[in-house]
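This is what each chain is made of:
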Amino acid sequence: MSDQLERRKYPRAKADISLKIARTGEIVQSKIHDISCSGIHCQLNQPIKLMTKVVIILLLPRIAGEKIDDFDKIKGQGVVVRIQEVAERDEILYNTAVFFTDLSKKDKDKITRFVEYKLSEQEKDF
């Protein structure tokens, strides 16, 4: 996609990160498809209604120099801004986008470093 067509304010990178989403006492576990410091895109096995407030907990790989070294626990709040039902391998799944509404500057900086690392790795593959 060209830079002219990209509407996102923050870069986004593909990632395979474990995720927990908590809403009113219920925890949904998933994997993140991609991440930026403004939000995540993941696939859930159950729907969450649009505009639902959620707590996000993820273990973000920590970048040390040019490699991944351990993990940082990131916890913040968000709101579901997009959901799309998809059929996959005889089951219904839900592609879900969550916009961060409360995330510390420290955690945003960690996500930014991770995204920059992932994007530089992808460039090396080309």
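Look above for the structure.
A quick note: this is a predicted structure, and the numbers were derived from the prediction, not measured. (Residues numbered from 1 in each chain as written. Predicted model: local features only at pLDDT ≥ 70, side-chain atom pairs only at ≥ 80, totals over all residues. Heavy atoms only, no water.)

Undergrad: Looking at this model, I keep getting lost on the overall build of the protein chain. Mind explaining?
TA: Each helix and strand in the protein chain was counted, giving 1 helix and 6 strands. Sequence-distant contacts, at least 24 apart, represent 54% of the contacts inside the protein chain between residues at least 6 apart. Taken as a whole, the protein chain presents about 8,500 Å² of accessible surface, with 49% of it coming from carbon and sulfur. (Helix = DSSP H or I, 4+ residues; strand = E, 2+ residues; numbered from the N terminus. Contact = heavy atoms within 4.5 Å. Areas by Shrake-Rupley, 256 points an atom, 1.4 Å probe, with all protein chains shown as cover.)

Undergrad: When you look at the side chain of D72 in this model, what are you seeing that I'm missing?
TA: With respect to the helices, strands and loops of the structure, D72 is situated in strand β5 (residues 67-88). One polar contact links D72 to R62, side chain to side chain, over a distance of 2.8 Å. The contact partners of D72, leaving out residues within four places of it in the chain, are L58, L59, L60, R62 and K110. (Polar contact = N/O pair within 3.5 Å; in protein donor to acceptor, adjacent residues only side chain to side chain.)

Undergrad: Even after reading the chapter, I still don't get the pairing of strand β1 (residues 13-23), so can you show me in this structure?
TA: For a regular strand, side chains alternate in direction, first toward one face of the sheet and then toward the other. Only one face of β1 is buried, namely the one carrying A13, A15, I17, L19, I21 and R23, since none of K14, D16, S18, K20 and A22 on the opposite face is buried. Of the strand pairs in this sheet, β1 and strand β2 (residues 26-36) are connected by 9 bridges, and their pairing is antiparallel. If you follow K14 over to β2, its bridge partner there is D34. (Buried < 20%, exposed > 50% of the residue type's maximum accessible area, 1.4 Å probe, protein only. Pairing = 2+ DSSP bridges.)

Undergrad: Looking at this model, I keep getting lost on the pairing of strand β3 (residues 39-44). Mind explaining?
TA: Burial analysis of β3 places 6 of its 6 residues in the buried class, which makes it a mostly covered element. Burial along β3 is two-sided: the residues G39, H41 and Q43 and I40, C42 and L44 are all buried. Relative to β3, β2 runs antiparallel, the two sharing 5 bridges. Pairing of S36 across the sheet is with G39, part of β3. In the sheet, β3 pairs with strand β6 (residues 91-102) via 6 bridges, with the strands oriented antiparallel. Following the sheet pairing, G39 is matched in β6 by F99.

Undergrad: Help me out: how do you make sense of the nonpolar core in this one?
TA: If you look at soluble globular proteins, the nonpolar side chains tend to sit buried side by side. Formed by 27 residues in total, the largest nonpolar core has its most connected members in I21, I35, I40, I56 and I111. Counting residues per element, the ones that place at least two in this core are β1, β2, β3, β4 (53-64), β5, β6 and α1 (105-125). Apart from residues no more than four positions distant in its own chain, I111 is found in contact with I35, S36, C37, L60, I74, F100 and L103. (Core = buried A, V, L, I, M, F, W, Y, C linked by side-chain atoms within 4.5 Å.)

Undergrad: How should I be thinking about unusual backbone geometry in this particular structure?
TA: Trans peptide bonds make up the majority, and among non-glycine residues the majority have a negative phi. Phi is positive for M51, close to 70°, though the residue is something other than glycine. Relative to the helices and strands, M51 resides in the loop between β3 and β4. Judged by relative accessible area, which is 58%, M51 ranks as exposed. Backbone geometry at R89 places phi at a positive 50°, although glycine is not the residue there. Within the secondary structure layout, R89 lies in the loop between β5 and β6. Taking the relative accessible area as the measure of exposure, R89 reaches 66% and is therefore exposed.

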